[in-house]
Amino acid sequence: MARSSADDMELKRACEAGILSKEKAPEKVVMCMRVAKGRTSGGTWAGKAGKLASRHSNMAKPRVLAVTTKPKGQKTKAFLRVLKYSNGGILEPAKVYKIKHLHKVEVATNDPSGCTFILGFDNLRSQSVSPPQWTMRNKDDRNRLLMCVLNLCKELLGGIPKVSGMDIVEMAIWAKENTTTKATQVSTNDSPFDSLVLEADSQVALEKDLVSQAEEEDIEALLGNYVMAIGEAEAFSERMKRELVALESANVYALVETESVVDEVLQGLEVATICVEDMDEWLGIFNIKLRHMREDIQSIEWRNNRLEMQSVSNVALGEELDRLLVLLQIPPEYEVSLTGGSFDEGNMVKNIEACEWLTSAIKNLEASNMDPSYAKMRAVREKRAEFVLLKCTFVRRASEFLRNYFPTLIDSMLNDKDNFTQKGQLQRPDHADMRYKCRTYARLLQFIKSLDKSCMIPLRKAYCHSLNLLIRREAREYSNELRNSSKASKSSAPSFEGPAGANQPAGIADSPAEAYSKMITAFIPHLVDESLFLAHFMCFEVPTSGGSDSDEDSTPKTSGSSGSSAKPSNNSSADLGVLNECLQEMLDGIQEDFYAIVDWAFKLDPLSCIPMHGITDRYIAGQKTEVAGYVSVLLDDLESRITILFSRFVDDACFQIEKYERNVKQVGVVPYIPRFSQLAARMEQYINGSRDLVDQAYTKIVTIMFVTLEKIAQVEPKYVDIVLLENYAAFQHSLYDLANVVPTLAKYYHQASEAYEQACSRHINLVIYIHFEKLFQFARKIEELMYNMSPEEIAFQVGMSKVDFRKMLKSSLTGLDKTITAMYRKLQKNMTAEELLPSLWEKCKKEFLDKYTTFLKLIAKIYPNETVTSVNEMRDILANL
């Protein structure tokens, strides 16, 4: 028999060396064996191994399985390592499994030799991939390896994994038969344990018996004592029947023995039954007597209760009739106020009290608030009709008074010039006195709405129409005075036409945007307050948290803070729609005065749109209240108008830039690049808040600038790169400071920088190839030939001999000083920006040295013995010029 690989000490040492090369801590190799690795036919492998590949199949791969241990603290860890042979025949680790994750050992049933098995681990990432099959040389090697693994599991983990496909008892018997007296101790630093390495003719190793000798003897004795004869079904059935009959007989005998005790219990139950029957008869007699007594008492109580109820009802009826008479009578002082009283401020207290009484009286006489029997009474119905007629009379009189009162109050304010802006004196709108007078009738309006909602529509229209006249005149006078008194003069609009030095930006100290800011600051909080007052005064059921009645609130935060934080209900939503209609009627036409300020500011200075847009955006962000919805609409319209005007200015600027494309020839820096830097600097000064409008303008203008520049450069193909690099350099130079603080300009600054570098590179390469064309063409031929042949063969090609190389080198490097000077003059020619020449020449020298270095590397491979000017010498020549 061939010697087992488990006894191959050289194999064991090779395994230890291979593991040590990958692991920092050394591991003890308990056992190692050569195996053949294969795969199952596919799918899950538990119970579905499929067709097993033959041990001698060409698909099998040689591997070595090594069982190792490593101490860790007070414990010892065990591993199953898979090693494979490298190209040099050296063992190297391929995979490692932890013994603690081993949960199944399965011997392949479709392998007749029984030498193939599968190890299942519960921590594999993909259980859908079939685990490998391991095939041993013979069954003894298989048993030896598996016994070693199972004993390690029992020693370290206290149990063994599930075993299928083989009998564990047969394994134990095999281990016992193949055990010898030779033992080897395997220990670790912290937790030593012993294992037996068995040696016999088959050289089989066993660490520990799965069943001890004592346990085996006990099992044999137990099986010898109990012969159950399960082998024959009929004999076993007869035996069970006999045992059942014996059990039933024993139960019957036990019942017979307790017969005397049962007789005594029955006698006691009979005596108790007689006593219970006597007691039941006595209880029946007492129950009859008690029932008769209870009936007599109930009769007496019923008669007594009827008398008491009749007395209480008579008292309650008198009281109810007194209350009803109170509801049906009209107090004389209220009757006078409701039918013909005055609505002057002095009589409003009496009028309010009369309204309160009338509202309460009508509500009390409603059928839902009183007994149905009262509601059908003729006196109640007549009084209800009288109260309704009285209500209609009072509401008609109050509505007529208020419809006349509102225009009269507004007319008195319109006739007073002190309420409006006058020449040289701006007057902010102040309606505090008007609101104070209106509040006198606020409760009256509430009662009118509760008595008859339909009367509120003409009252609201009268109030809104009258107030609209006042607000529009205030806005018109204020707007006119702002424009007349403003010191802002018409600024020279930033233009991209004309000479480069023209159209210098003016200062922004007297920007017309200040007039717009004053207009917004004076009227937007005022309009919000008027909207809130209208909602309260005209009894709109919308959620509000109140507004300021003074005009001291001049910031968007203050005016917007009076909004509601609660969402309106369904009824509130309906009232909110009516409120918005009233607000539109009250404020309609005032937008024209705001538009006039915006258009005037744009004509004076188009860039004033930037601060105007920022101011409007801040007020929109601060406008939170739903009650002042029309004010939000006004602000949105203003923002849209400002945006349209500024977009018109940006479009004009782009059109002026595109006109440069029509010029026949452009030399040097195009004028619109420095002018854009002036424009950008001025626009940054105007920014007040959000910079979205400015960034959008930058994006559109710079994009057109770059596109136009590319088209201008293509007019003269000979000078394309010169035009591009000069203009991109001018763009970077003029916007360097702004690009450091403006992200949008920084993006285009980097884009111009990249375009500048590309134009420099193209122009420098062109100059270099013009003066050293033969030199670099020769290098290019060498590179092309090296794709198809070795460097040694190139020198024998036509035109590539050493003589040809020397001729080329002589013609290219003779008079090198003059050639380099000519190259510098070529760079200098047609350059209008002299300040760019030094940096451009440095780039040219660096690029030439890089190409020359690459050329020398190629020459060294093809013509190693030829003498050529070195890189250092060439660098010195360039430095001296």
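Residues numbered from 1 in each chain as written. Predicted model: local features only at pLDDT ≥ 70, side-chain atom pairs only at ≥ 80, totals over all residues. Heavy atoms only, no water.

The chain is annotated in an unreviewed UniProt entry as Exocyst complex component Sec3 PIP2-binding N-terminal domain-containing protein of Triticum aestivum. UniProt, in its Sequence similarities (unreviewed entry) section for the chain, records the words "Belongs to the SEC3 family." (UniProt positions renumbered as here; feature names shortened; annotations may be inferred.)

Participant: What should I look at first to understand the overall build of the chain in this one?
Facilitator: Scanning the chain from N- to C-terminus turns up 30 helices and 10 strands. With 881 residues in all, the chain has 41% of them scored as buried. Considering only contacts within the chain whose residues lie at least 6 apart along the sequence, 72% involve residues at least 24 apart. Total accessible area computed for the chain in this model is approximately 49200 Å², and 53% of it derives from carbon and sulfur atoms. (Helix = DSSP H or I, 4+ residues; strand = E, 2+ residues; numbered from the N terminus. Buried < 20%, exposed > 50% of the residue type's maximum accessible area, 1.4 Å probe, protein only. Contact = heavy atoms within 4.5 Å. Areas by Shrake-Rupley, 256 points an atom, 1.4 Å probe, with all protein chains shown as cover.)

Participant: How should a negative patch on the surface be read in this particular structure?
Facilitator: Together, Glu-277, Asp-278, Asp-280 and Glu-281 make up a negatively charged patch on the protein surface. Under the relative-accessibility criterion, Glu-277 is labelled exposed at 51%. (Patch = residues over 30% accessible without salt bridge, like charges linked within 9 Å, V, L, I, M, F, W, Y side chains within 5 Å. Salt bridge = Lys/Arg side-chain N within 4 Å of Asp/Glu carboxyl O. Lys, Arg positive; Asp, Glu negative; His and termini not counted. Charge placed at Lys NZ, Arg CZ, Asp CG, Glu CD.)

Participant: What should I look at first to understand unusual backbone geometry in this one?
Facilitator: Among all residues except glycine, the phi angle is most often negative; among peptide bonds, the trans geometry is most common. One non-glycine residue with positive phi stands out, namely Cys-539, at about 60°. With respect to the secondary-structure elements, Cys-539 resides in the loop between α14 (513-537) and α15 (556-560).

Participant: What is the right way to look at helix α20 (residues 672-686) in this model?
Facilitator: Residues spaced three or four apart along an α-helix point in a common direction, a consequence of the helix completing one turn every 3.6 residues. The end-to-end C-alpha distance of α20, which contains 15 residues, comes to 21 Å, matching closely the 21 Å that a straight helix rising 1.5 Å per residue would cover. Here α20 lies mainly inside the structure; 11 of its 15 residues are buried. Every buried residue of α20 is accounted for by Tyr-672, Ile-673, Arg-675, Phe-676, Ser-677, Leu-679, Ala-680, Arg-682, Met-683, Glu-684 and Tyr-686. Buried residues belonging to α20 abut α18 (609-622), α19 (629-658), α21 (692-713), α22 (720-734), α23 (736-739) and α24 (743-771). (Expected span 1.5 Å × (residues − 1).)

Participant: Looking at this model, I keep getting lost on the nonpolar core. Mind explaining?
Facilitator: When a protein is soluble and globular, its nonpolar side chains tend to lie buried together. Among the nonpolar cores identified, the biggest contains 179 residues, and Leu-444, Tyr-463, Leu-534, Phe-646, Phe-676, Phe-731 and Phe-855 are the most heavily contacted of them. At 15 residues, the largest contribution of residues to this core is made by α14. Excluding residues within four positions of it along the chain, Phe-731 makes contact with Ile-673, Phe-676, Val-702, Met-705, Phe-706, Tyr-748, Tyr-749 and Ala-752. In terms of nonpolar packing, the next biggest core, distinct from the first, is built from 31 residues, Val-82, Leu-102, Met-136 and Met-171 among them. (Core = buried A, V, L, I, M, F, W, Y, C linked by side-chain atoms within 4.5 Å.)

Participant: In this structure, what is going on with the packing of α14 against α18? I would like to understand it.
Facilitator: Helix packing for two helices is described by the angle between their axes and how far apart those axes are. Running from amino to carboxyl end, α14 crosses α18 at an angle of 15°, the nearest separation of the two axes being 9 Å. Compared by their axis directions, α14 and α18 come out roughly parallel. As α14 packs across α18, the resulting crossing turns out to be right-handed. Touching Ala-513, Tyr-516, Ser-517, Ile-520, Thr-521, Ile-524 and Pro-525 of α14 are Pro-611, Met-612, Ile-615, Thr-616 and Tyr-619, all from α18. Residue composition of the contact of α14 with α18, by class: 9 nonpolar, 3 polar and no charged. (Axes fitted to C-alpha atoms, helices over the stretch in contact; angles between N-to-C directions. Parallel < 35°, antiparallel > 145°, perpendicular 65-115°, else oblique. Left-handed = near helix turned anticlockwise from the far one by under 90°. Nonpolar A, V, L, I, M, F, W, Y, C, P; charged D, E, K, R; others polar.)

Participant: So what exactly am I meant to see when it comes to helix α11 (residues 432-439) here?
Facilitator: Buried within α11 we find Met-434, Arg-435 and Cys-438. Buried positions in α11, seen along its axis, are confined to an arc of 95° and lie on one side of it. (Arc of directions from axis to C-beta.)

Participant: Honestly, the environment of Leu-583 in this entry has me stumped. Any pointers?
Facilitator: Relative to the helices and strands, Leu-583 is located in helix α16 (residues 570-587). In this structure Leu-583 comes out as buried when scored by relative accessible area, which is 0%. Note: C-alpha distance between Leu-583 and Leu-527 (56 residues apart in sequence) is 9.7 Å.

Participant: Please explain the pattern of salt bridges as it appears in this structure.
Facilitator: Note that side chains of opposite charge can pair when their charged atoms are close. All chains considered together, the criterion is met by 16 salt bridges. A salt bridge links Arg-443 to Glu-356; the shortest N-O distance between them is 2.9 Å. A residue pair is termed long-range when its members are at least 10 positions apart, and Arg-443 in helix α12 (residues 442-451) and Glu-356 in helix α8 (residues 348-364) qualify at 87 residues. A relative accessible area of 36% means that Glu-356 is categorised as partly exposed. A salt bridge links Asp-695 to Arg-691; the shortest N-O distance between them is 3.1 Å. Ionic contacts of the salt-bridge type, sharing partners, join the residues Glu-684, Arg-691 and Asp-695 into one network.

Participant: In this structure, what is going on with the packing of aromatic side chains? I would like to understand it.
Facilitator: Counted by the stated rule, this structure contains 29 aromatic pairs. Look at Phe-533 and Phe-537: their rings are 5.3 Å apart centre to centre, the planes differ by 10°, and that puts the pair in the stacked class. Of the two residues, Phe-533 and Phe-537 both sit in helix α14, 4 residues apart, roughly one turn of that helix. Like Phe-533, the residue Phe-537 is buried in the burial classification. (Phe/Tyr/Trp six-rings, centres within 6.5 Å; stacked < 30°, edge-to-face > 60°.)

Participant: Would you take a moment to explain the sheet that holds strand β3 (residues 75-85) for this structure?
Facilitator: Each strand in a sheet pairs with another by means of backbone hydrogen bonds, the pair being arranged parallel or else antiparallel. Taken together, the 8 strands give an open sheet; going across it, the order is β4-β3-β2-β1-β7-β6-β5-β8, and neighbouring strands pair in mixed fashion. The two strands at the open ends of the sheet, each matched to only one other strand, are β4 (91-98) and β8 (162-164). Here the strands of the sheet are splayed against their neighbours by 35° on average, with no regard to which way each runs. With 5 bridges connecting them, strand β5 (residues 102-107) and strand β6 (residues 116-121) associate as antiparallel partners. Note on β6: the bridge partner recorded for Val-107 is Phe-117. (Pairing = 2+ DSSP bridges.)

Participant: For this particular structure, what's the right way to read the pairing of β6?
Facilitator: Successive side chains on a regular strand alternate, one facing one side of the sheet and the next facing the other. Burial of β6 is extensive: 6 of the 6 residues sit out of reach of the surface. Where burial is concerned, the two faces of β6 agree: the one with Thr-116, Ile-118 and Gly-120 and the one with Phe-117, Leu-119 and Phe-121 are both buried.

Participant: Explain the confidence of the model for the chain to me, please; I cannot follow it from the model alone.
Facilitator: Detailed reading of the predicted coordinates is not advisable wherever pLDDT falls low. The predicted model of the chain averages 78 in pLDDT, with 80% of residues at 70 or higher. Counting contacts from residues 181-209, a segment whose pLDDT is below 50, to residues more than four positions away or on other chains yields 75 contacts. (pLDDT = per-residue confidence, 0-100.)

Participant: What's the story with the side chain of Gln-732 in this structure? I'm lost.
Facilitator: Counting through the fold element by element, Gln-732 comes out in helix α22. The residues contacting Gln-732, other than those within four sequence positions of it, are Tyr-749, Ala-752, Ser-753 and Tyr-756.

Participant: Help me out: how do you make sense of the pairing of strand β7 (residues 132-135) in this one?
Facilitator: Residues Pro-132 and Trp-134 of β7 are buried on one face, and the alternating residues Gln-133 and Thr-135, pointing to the opposite face, are buried as well. Where strand β1 (residues 28-39) and β7 come together, 4 bridges link them in antiparallel fashion. Among the inter-strand pairings, Ala-36 is bridged to a residue of β7, identified as Thr-135. Two elements, β6 and β7, share 3 bridges in a ladder whose sense is antiparallel. Directly across from Thr-116, in β7, lies its bridge partner Thr-135.

Participant: What am I meant to see in a nonpolar patch on the surface here?
Facilitator: Together, Val-261, Val-262, Val-265, Leu-266 and Leu-269 make up an exposed nonpolar region whose accessible area comes to about 450 Å². Checked against the element boundaries, Leu-269 lands in helix α6 (residues 259-328).

Participant: Would you explain the state of the cysteines in this entry?
Facilitator: Formally, a disulfide is one covalent bond, and it connects the sulfur atom of one cysteine to the sulfur atom of another. Considering all chains together, one arrives at 0 disulfides under this definition. Cys-148 takes part in no disulfide bond, and the closest cysteine sulfur to it belongs to Cys-153, at a distance of 9.7 Å. (Disulfide = S-S within 2.5 Å.)

Participant: I keep staring at the packing of helix α25 (residues 773-785) against helix α29 (residues 837-862) and nothing clicks. Help me out?
Facilitator: Put simply, α25 and α29 touch, their axes get as near as 10 Å, and they point 50° apart. Judged by the angle between their axes, α25 and α29 are oblique. Judged by the twist between their axes, the crossing of α25 over α29 is left-handed. Here α25 contributes Leu-775, Phe-776, Phe-778, Ala-779, Ile-782 and Glu-783 to the contact with α29, which in turn contributes Phe-848, Lys-851, Tyr-852, Thr-854, Phe-855, Leu-858, Ile-859 and Ile-862. Grouping the amino acids of the contact of α25 with α29 by side-chain chemistry returns 11 nonpolar, 1 polar and 2 charged.

Participant: I would appreciate a short explanation of the environment of Tyr-698 in the present structure.
Facilitator: Here Tyr-698 shows up in helix α21. Using a relative accessible area of 0% as the deciding quantity, one classes Tyr-698 as buried. For the pair Tyr-698 and Val-650, spaced 48 residues apart in sequence, the C-alpha to C-alpha distance is 9.1 Å. Those residues in contact with Tyr-698 that lie beyond four places of it in its chain are Phe-676, Ala-680, Met-683, Glu-684, Arg-691, Thr-703, Val-742, Thr-744, Leu-745 and Tyr-748.

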